[in-house]
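The chain contents come next:
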Amino acid sequence: GHIVTNFHVIEGADQLIVTLANGVEYEAELVGEDPINDLAVIRIEAGGALPATVPLADSDRVRVGQFVAAIGNPFGLQGTMTVGFVSALGRYLPVSSDSAESNYTIPDIIQTDAPINPGNSGGVLLDDEGNVIGVTAAIQSAVKSSAGIGFAIPSVIVQKVVPALIEQGHYDHPWIGMS
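Residues numbered from 1 in each chain as written. Predicted model: local features only at pLDDT ≥ 70, side-chain atom pairs only at ≥ 80, totals over all residues. Heavy atoms only, no water.

> An account of a nonpolar patch on the surface is needed here, citing residue identities and associated values.
Residues Phe67, Ile71, Met81, Val83 and Phe85 make up a contiguous nonpolar surface patch of about 450 Å² in total accessible area. Secondary-structure elements contributing two or more residues to the nonpolar patch are strand S5 (67-72) and strand S6 (80-94). Structurally, the position occupied by phenylalanine 85 is in strand S6. Given a relative accessible area of 42%, phenylalanine 85 falls into the partly exposed group. (Patch = residues over 30% accessible without salt bridge, like charges linked within 9 Å, V, L, I, M, F, W, Y side chains within 5 Å. Areas by Shrake-Rupley, 256 points an atom, 1.4 Å probe, with all protein chains shown as cover. Salt bridge = Lys/Arg side-chain N within 4 Å of Asp/Glu carboxyl O. Helix = DSSP H or I, 4+ residues; strand = E, 2+ residues; numbered from the N terminus. Buried < 20%, exposed > 50% of the residue type's maximum accessible area, 1.4 Å probe, protein only.)

Here it is as structure tokens:
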């Protein structure tokens, strides 16, 4: 059972515990991480108890004004869903990193007005058919809670990065040394 989340959610963790919707907890292991795209893959062994996977949609087809739902655990409140709209596309999300690529920004971020708060990171942003269009990652707020501007890493980046994280444990970024 591979699970996609944000790198900043698992960064520095000594232990990873996943709680499924039925309340059962599983210890997870880190499979791969990509700090530059703020993505990570963890894995649980749950046998036949694994829930069905959620299909990925093509985030390149997302449009401003499209209805979306964000699912996560804001403020530790498990299984929370908020709704809203895609409020902008093509945003850039700066990466917080100590690496040489610290000036990197994740491209084509989806901006939403669906309330996203601390604890939503690593959750999903769904379209109106229940398909994943992004992984919720950040908010912009002076008060550190929803101010109507939340951001999600688009599914096209997830589709590109996650297979490498599963196979190699990391994603090799091409760099040409300019921005």
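Picking up after the structure, the text goes on.
> Help me get a handle on the sheet that holds strand S3 (residues 25-34), residues and values and all.
Ordered by their spatial adjacency, 4 strands build an open sheet running S1-S4-S3-S2, and the pairing between neighbours is antiparallel. Each edge of the sheet is formed by a strand with only one pairing partner; in this case those strands are strand S1 (2-5) and strand S2 (16-19). The average undirected angle you get between the axes of adjacent strands in this sheet is 40 degrees. Bridge analysis of S2 against S3 gives 4 bridges, and the strand direction is antiparallel. Its bridge partner lying in S3, leucine 16 is registered against alanine 28. With respect to the sheet, helix H2 (residues 155-168) is in contact with S1, S3 and strand S4 (39-43), its orientation differing from that of S4 by roughly 50 degrees. (Pairing = 2+ DSSP bridges. Axes fitted to C-alpha atoms, helices over the stretch in contact; angles between N-to-C directions. Contact = heavy atoms within 4.5 Å.)

> Please set out the environment of glycine 32 residue by residue, giving values where relevant.
Here glycine 32 lies in strand S3. The exposure class of glycine 32 is buried, given its relative accessible area of 3%. The spatial distance from the C-alpha of glycine 32 to the C-alpha of leucine 165 is 4.5 Å, given a sequence separation of 133 residues.

> Can you explain the side chain of asparagine 37? Please cite residues and give values.
Examined against the element boundaries, asparagine 37 turns out to sit in the loop between S3 and S4. Setting aside residues up to four positions removed in sequence, asparagine 37 forms contacts with Tyr104, Ile106, Ile153, Ile157, Val161, Tyr171 and His173.

> Can you tell me about the sheet that holds strand S8 (residues 124-126), naming the residues and giving the values?
Taken together, the 6 strands give a closed barrel; going around it, the order is S5-S6-S7-S10-S9-S8, and neighbouring strands pair in antiparallel fashion. In this sheet, neighbouring strand axes are inclined to one another by 50 degrees on average, regardless of whether the strands run parallel or antiparallel. H2 contacts strand S7 (105-112), strand S9 (132-139) and strand S10 (150-154) of the sheet and is inclined by roughly 45 degrees relative to S10.

> Outline the pattern of salt bridges, supporting the account with residue identities and numerical values.
For the structure shown, the criterion picks out 2 salt bridges. Across the pair arginine 43 and glutamate 29 runs a salt bridge, and its minimum N-O distance is 2.5 Å. Placement of arginine 43 in strand S4 and of glutamate 29 in strand S3 is noted, with a sequence separation of 14 residues between them. Judged by its relative accessible area of 27%, arginine 43 is partly exposed. Linking glutamate 45 and arginine 43 is a salt bridge whose minimum nitrogen-to-oxygen distance equals 3.9 Å. For glutamate 45, a relative accessible area of 62% corresponds to the exposed category. The network of salt bridges with shared partners includes Glu29, Arg43 and Glu45.

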